[in-house]
Each structure stands twice: as structure tokens, then as C-alpha cells.
Amino acid sequence: MLSIYQKLTKIFENTLKESLEINQKNNLYNKLSLNLITQSSREDLGDYQSNICMILSKIYEKNPHQIAEEFISLIEKNKNIFKICSSLDIAGPGFINIKLSENILLEELIKNTKCPRNGISLVDKENKKIVIDFSSPNIAKEMHVGHLRSTIIGDSLARVFEIRGYEVIRLNHVGDWGTQFGMLITHLKDVYPEALESRANINIGDLVEFYKASKKRFDNEEEFQKKARAEVVRLQKGDPSSISAWRILCSESRKEFNSIYSTLNIQINERGESFYNPYLESVVKELELKNISVEDQGAKCVFLDGMSNKEGDKLPLIIQKKDGGFNYATTDLAALKYRFSEPPNGDGAGRIIYVTDQGQSNHFAGVFQVAKKAKWIPENCSVEHVPFGLVQGIDGKKLKTREGETIKLKDLLKESVKRAKKDLINRISEEQRTENDNFIANTSNVIGIGSVKYADLSQNRITNYQFSFDKMLAMNGNTAPYILYSLVRISGIKRKIKNARKEEINEKIYFNEDSEWNLIKKLLRFDEVIMSIEKDLMPNRLCNYLFELCQIFNRFYDQLPILKAEPKTMNSRMVLCTLTEKTLRLSLYLLGIETLERM
Ligand code: ARG
């Protein structure tokens, strides 16, 4: 089932193929077939436009207008084009403006109303799996706002891929291996050995404190440092008492992480760094054998092309330390190789996506480069780092509590719900409504959590973003409350209609008003937004779309009567309400935000 945009693109692609000279075909076609058709910048002139003839004119050194004429007459040989377009016009020197026909718009409208995915097409069954590596906090450390961003963005990307029909493997690459355990276990053995027995119950707050203390000792006490290092070696060799202590520490942290995931409604599978431990040695061996790594001052490393320090020396990616220990990069190389390898000793992924802060861009660039050299990225497969900026306070500085401490995620989410509740109670009293406690608790929870997620997702993820409860909880603007409220409004109309008349969707709908057509065209662009997120991994596109859709819907609703319109008009307008409602619901689902019937 192709959407309008896909159908149009197909026709243009075929025409392009036909119009290219034989000897130019393959190379050129692959380059030119990207973005053949874009949204029109002048909606009064057309719904879409194509500037392909401008590009062709440069290649063939021919007048673009003439090329456009030839191109259009080629397109028009395909009779299907008349079902989709009402006109194809040449504008300016050689742009093609495309106007959609009313028939196709109505046809798609009805089709999407009935389609559970609102016209989003499904990928072919043979398509490879997608691994999304997100959230990934570190054991014995507190999850911070960076992990929150990763969690929210990663979950939303996973949902987008899932609705397209991909098999998605959601991986929590928790930091559960490495030197921090040596320090922590050694310290606990000294000061609180009970913590390392399963009977004891230490919470994450204590664990973080112990971690900080152990780090201090590690940095200052030589004897301690030695012991800690020996402890890591014991752990990595699988010494039973070390492993058991390690397990206890992990399980305490896990409790804390899981409680945050459940508040945020996140599904994710834990597969921490430790999982790849058995593969580290062979990864290093292979890089040595393939002459990719070299020894430098006792450490094994790969010098990276195109990445150098200020002095112009190539930066190394260290894969084995002087003391023989493996590190973060070694684990990521082993993980990458495993994820691309076929089952049973791998995931058989076709695309791996890593969602972390921008600070790790160099790390991933290095890891990807080495993996490419080692030929661990199979043909037609890809790896991508999805970086994001910092979360800042409204003062533009790092987000902190009033006392200057780092903010705990749990507290941050609680605070948002608390503020949402206060706003809600005010609104209820202003509107002289009475609502029960259950309603208030649920509604403020959905708004409070949804607002944090939406505020994050609606930003271009690359830029730093300023965390402001006031902004994210506002009823106006590009916020969760505004979108949720628009949805509630439609639910309200539908409840009223239900009492008045049974709504039926039939082919006899009709539209005369601009604000109806604007809404229809916006609704039918939903699949384009989803496809663009699949490609560019920018969930803020969906938020922008939602915001514009709500504005267009609210204009339509404010300008035109629905309940008071005569039956046929009412019926037609109800179809628009229905599809808008479905689109909002589905979009919010894709952003990981729950919805409300009333608020
Ligand atoms: N644990 C890391 C951190 O907290 C993030 C891990 C991201 N994933 C990966 N495969 N390196 O910064």
C-alpha cells in the first residue's frame, strides 16, 4: 500500500530512469533519485515540487525549461499520473509544481481512516533487524539527565521502526564491567563487607556514596589502587566471590533503573558490557592479525585516519591497555561485531543505532572506523551514532538543584508530576468542576511525564536544551499539554456527536472550505514525516508536525460548525475529526506519550 508521496515518487523515478541516457544510467540515477520530490515552498502554487530538471539541465547542458517540458510529457505517458495530480506546471526556469487531485486526496483520506497505521507502509519482510543501543546507564552510579535523553529519544526511534514493521532489538548497554568494580568492591570489603553478601540491602544512594569514596581512595592511596586493580583482574577471570559481589551491586542498581523505566513506560533489554567479555580477547587478536592495530608504549591501539590532535598527530583508539586490561572501546568493538554477526552467535542486525550524548561522537567515529577496517560491517548494513546536546538549566548552565547538586532523575520526574497536578487543580477549580482523586492522579501523571518527554523530543536533538518546567507544562505552544488538549477537544466533539447521531464513514464525503482542505493535506503528510524520521533519526520532526496539525485542526474547528452543520457536512467534517484524532493518538504513541480522554 503506497502513500500519495510514494506513488508520486515512483512515477518520477521511473521517468527519470527513462530520460537518462543509457551510458549515464546507474551512477547518475542513484544520485539523482534521492529527494526527487519535496514539499512545495509555495503552497498556493502546488502541493509538491521537483527540481530534477534543473539538475538535469546542468548535466546535459540544455535549457531547463525545455527539459521540464520533455520530462512532463514523458511523465504524462503514465496514465496513473492523472489519478494523482490535477496539474503539473513548470515554474520559474524549470521547476515542476505538482498539484494533487481532489479525488486522490479523498481516496487516501478514507483509506487512512480505516488503516490502523494511518497509511504508514510496512517494510518488506526480508528487511534486517535494527539494534537500538540506548539509555545505557552505569552500575553503581546514578542515572543522569543525559541517560534520560537517551532513553526518551531511543524509545521513540524504536517505536517508529516498530510501526514500520522492522524487528527492533532494544539494548541497554549498561556499564557493568571495568575498573569501577575493582574500586568499589575493595572499598566495601574494608568499610562495609556485609554489603557484598546477599543478605544486606544497600540502596543506590548509598552505593553512589561508596563509589565516590572509593574513587577518592583510588586516586590518593597507592596501596588501595593496587588492591583495586587486582580485584578487577579477579573479577574478569571469573573468581566466584568477586562475581558474587559484582552481582549484588548490579542487582541493586538494576532495581533503581527499572523503577525509572517503569515510570517512563520504557521497554528495554539489559545486555551490559559484561556480556561481551568472552569476545574481547579475540577481537584484539583479530585486529592484530589483520595488521590494523599496533603497539604503542605498551598499549595496543589503532591510529585513526582523519582524526588528530592539535599537534596534527593521529589520535589512537586504545583497544588494550598496558596492563592487559580491555576498555570501553574494546567492548564496543566486540558488541558491534556480535550485533552484525548472524545468530546463534550474534543478532543478525542490518542497522545499529547508538543514542548517546555528543561528547561520545569521537569515540563512536573511532569505533566505526576500526570496525570498517576490520570488515565487521557487512555490505548493505550501517552503523549510526545519534548524538544529542546537553540538558541545561534556564540559566544556560548545567542542570543542578538549588543546592548545586546534580539532579536525580527520580526527583525530576516527581517534580514534573507535582507541578502538573498543581496546574490541574487550579484549572479544575477555575472551571468549577469536581473531579475525583483518581482522575487527578492519573491526569497529572500523564501530563507530568508526557511533558518531560515531549520537551526533550521536540528539540532538535543536536542542540543543547534548556530544561524549564514552566515552558514544558504550558497549555500553549509546542508542548505536550497543548497537543493532549487538542486531542481531548476532539474526543469531546465525538462524545457529543455520538449522542446526536451515529457517525458513519462512507464515500460520499465532500469538502468546500480551505480550512478543510488544509487539514486534509496536512493529515496525509503523516507518512512522509515518519519516513523522514526513519532516515534522519530526528523525532522533533514528528513534534513539529503534531504542533502544526493541531494548529490547523483548531483553526478548522474554530472556523466551521460541526455539530450544527447539516447532516452531510457534519458527516464529512466528522471524518476529518476522526482522522485527526487517530493521527494524534498514533503520533503520541510513537513519542511514548500516553493520552487522555479528558483533562
Ligand atoms: N554507559 C555509557 C555512558 O553512560 C553509555 C553507553 C552507550 N552505548 C555504547 N555502546 N557505548 O556514557
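As a reminder, the structure under discussion sits directly above these lines.
Definitions and cut-offs
Residues numbered from 1 in each chain as written. Predicted model: local features only at pLDDT ≥ 70, side-chain atom pairs only at ≥ 80, totals over all residues. Heavy atoms only, no water. Helix = DSSP H or I, 4+ residues; strand = E, 2+ residues; numbered from the N terminus. Buried < 20%, exposed > 50% of the residue type's maximum accessible area, 1.4 Å probe, protein only. Areas by Shrake-Rupley, 256 points an atom, 1.4 Å probe, with all protein chains shown as cover. Lys, Arg positive; Asp, Glu negative; His and termini not counted. Charge placed at Lys NZ, Arg CZ, Asp CG, Glu CD. Contact = heavy atoms within 4.5 Å. Salt bridge = Lys/Arg side-chain N within 4 Å of Asp/Glu carboxyl O. Near = heavy atom within 4 Å. Polar contact = N/O pair within 3.5 Å; in protein donor to acceptor, adjacent residues only side chain to side chain. Nonpolar A, V, L, I, M, F, W, Y, C, P; charged D, E, K, R; others polar. 1 Å grid on protein atoms, 1.4 Å probe; cavity = no way out; pocket = protein on both sides within 12 Å on 5 of 7 lines; lining within 4 Å. Points joined across faces, edges and corners; volume = space filled by probe spheres on them. Phe/Tyr/Trp six-rings, centres within 6.5 Å; stacked < 30°, edge-to-face > 60°. Pairing = 2+ DSSP bridges. Axes fitted to C-alpha atoms, helices over the stretch in contact; angles between N-to-C directions. Core = buried A, V, L, I, M, F, W, Y, C linked by side-chain atoms within 4.5 Å. Right-handed = clockwise from strand over helix to strand, strands pointing away.

**Quick look at the overall build of the protein chain**
Next, step 1: Counting secondary structure elements, the protein chain contains 22 helices and 14 strands.
Next, step 2: Projected onto its principal axes, the C-alpha coordinates of the protein chain cover approximately 85 × 75 × 45 Å.
Next, step 3: A buried classification covers 53% of the 599 residues belonging to the protein chain.
Next, step 4: Accessible surface, the protein chain as shown: approximately 29100 Å² in total, 48% of it carbon and sulfur.
Next, step 5: Counting 87 positive and 80 negative side-chain charges, the protein chain places the centres of these two groups 2 Å from one another.

**Here we look at the environment of Lys99**
Next, step 1: Position of Lys99 relative to the elements: it lies in strand β4 (residues 95–100).
Next, step 2: On the basis of relative accessible area, Lys99 is assigned to the partly exposed category, the value being 32%.
Next, step 3: Considered as a pair, Lys99 and Ile533 are 434 residues apart in the sequence and their alpha carbons are 25 Å apart.
Next, step 4: Among residues more than four places away in sequence, those in contact with Lys99 are Asp44, Leu45, Gly46, Asp47, Ile84, Cys85, Ser86 and Ser87.

**Considering the pattern of salt bridges**
Next, step 1: By the definition in use, this model includes 42 salt bridges.
Next, step 2: Arg419 is the partner of Asp470 in a salt bridge, and the nearest nitrogen-oxygen pair spans 3.8 Å. Placement of Asp470 in helix α17 (residues 469–472) and of Arg419 in helix α15 (residues 409–430) is noted, with a sequence separation of 51 residues between them.
Next, step 3: Across the pair Glu597 and Arg585 runs a salt bridge whose closest N-O atoms are separated by 3.2 Å. Of this pair, Glu597 sits in the segment after α22 (567–590) while Arg585 is found in helix α22, placing the two residues twelve residues apart along the sequence.
Next, step 4: Residue classification places Arg585 among the partly exposed positions, given a relative accessible area of 25%.
Next, step 5: One salt-bridge network, held together by shared partners, links Asp155, Arg159, Glu162 and Arg170.

**Observations regarding the site of the ligand**
Next, step 1: Asp133, Ser136, Asn138, His147, His173, Tyr328, Asp332, Tyr354, Thr356, Gln360 and Phe364 make up every residue found near the ligand.
Next, step 2: Contacts to the ligand include Tyr328, whose side-chain N or O atom sits 2.8 Å from a nitrogen atom.
Next, step 3: The contact in question runs from an oxygen atom of the ligand to an N or O atom on the side chain of Gln360, over 2.9 Å.
Next, step 4: Listing elements by their share of the shell around the ligand, those giving two or more residues are α13 (328–340) and β11 (349–357).
Next, step 5: Partitioning the shell around the ligand into residue classes produces three nonpolar, six polar and two charged.

**Observations concerning empty space enclosed by the protein**
Next, step 1: All told, the structure shown has three cavities of 30 Å³ or more when counted by the stated rule.
Next, step 2: Estimated volume of the largest cavity: approximately 110 Å³.
Next, step 3: Thr263, Leu264, Asn265, Asn445, Val446, Ile449, Gly450, Lys453, Gly592, Ile593 and Glu594 are the residues that line the largest cavity.
Next, step 4: Counted by class, the lining of the largest cavity contains four nonpolar, five polar and two charged residues.

**Thoughts on the packing of aromatic side chains**
Next, step 1: Applying the stated criterion across every chain yields a total of 20 aromatic pairs.
Next, step 2: Each ring, one from Phe161 and one from Tyr166, has its centre 5.6 Å from the other, and the planes form 80 degrees; the classification is edge-to-face.
Next, step 3: Phe161 sits in the buried class, given a relative accessible area of 1%.
Next, step 4: Residue Tyr166 is classed as buried on the basis of its relative accessible area of 14%.
Next, step 5: Taken together, a centroid distance of 5.5 Å and an interplanar angle of 40 degrees make the contact between Tyr354 and Phe368 tilted. Within this pair, whereas Tyr354 is found in strand β11, its partner Phe368 is found in helix α14 (residues 361–373), the two being separated by 14 residues in sequence.

**Side note on the sheet that holds strand β10 (residues 314–320)**
What links the strands of a sheet is backbone hydrogen bonding, and the strands pair in either a parallel or an antiparallel sense.
Next, step 1: Spatial ordering of the open sheet is given by β8-β9-β10, a layout of three strands whose pairing is antiparallel. Edge positions in the open sheet fall to β8 (294–296) and β10, since each of these has one partner strand only. The mean angle between the axes of side-by-side strands here comes to 55 degrees, regardless of whether they run parallel or antiparallel.
Next, step 2: Sheet topology note: the strand β9 (residues 299–308)/β10 ladder contains five bridges and is antiparallel. Counterpart to Lys300 in the pairing with β10 is Gln320.
Next, step 3: In the packing of α14 onto the sheet, contacts are made with β9 and β10, and the angle to β9 comes to roughly 105 degrees.

**So, the environment of Glu548**
Next, step 1: Mapped onto the fold, Glu548 is located in helix α21 (residues 540–559).
Next, step 2: For Glu548, a relative accessible area of 37% gives the class partly exposed.
Next, step 3: Separated by 65 residues in sequence, Glu548 and Ile483 have C-alpha atoms that sit 10.0 Å apart.

**A few points about the nonpolar core**
Next, step 1: The biggest cluster of nonpolar side chains holds 149 residues, and the ones touching the most others in it are Leu8 and Ile132.
Next, step 2: If we skip the residues at most four places from it in the chain, Leu8 touches Ile37, Tyr48, Ile81, Ile84, Cys85, Ile98 and Leu100.
Next, step 3: With 35 residues, the next largest nonpolar core counts Leu280, Leu304, Met307 and Ala335 among its residues.

**Some words on the sheet that holds β11**
Next, step 1: If you walk across this open sheet you meet the five strands as β7-β6-β5-β11-β12, and the pairing is parallel. One side of each edge strand has no neighbouring strand; the edge strands of this open sheet are β7 (269–270) and β12 (382–388).
Next, step 2: Judged from the two bridges that link them, strand β6 (residues 168–172) and β7 form a sheet pairing that is parallel. Looking at β7, one finds that Leu171 is bridged to Asn269.
Next, step 3: Against the sheet, helix α7 (residues 145–163) engages β5 (129–133), β6, β11 and β12, with an angle of about 170 degrees to β6.

**With respect to the pairing of β12**
Next, step 1: For β12, the tally of buried residues reaches five of seven residues, placing the bulk of the element in the interior.
Next, step 2: For β11 and β12, the ladder comprises seven bridges, and the chain directions are parallel. When the bridges of β12 are listed, Ile353 appears paired with Glu384.
Next, step 3: Handedness of the crossover joining β11 and β12 through α14 is recorded here as right-handed.

**Observations concerning the pairing of β11**
Next, step 1: Among the nine residues of β11, eight are classified as buried, and the element is accordingly described as predominantly covered.
Next, step 2: Sheet topology note: the β5/β11 ladder contains five bridges and is parallel. Bridge pairing in β11 links Lys129 to Ala349.

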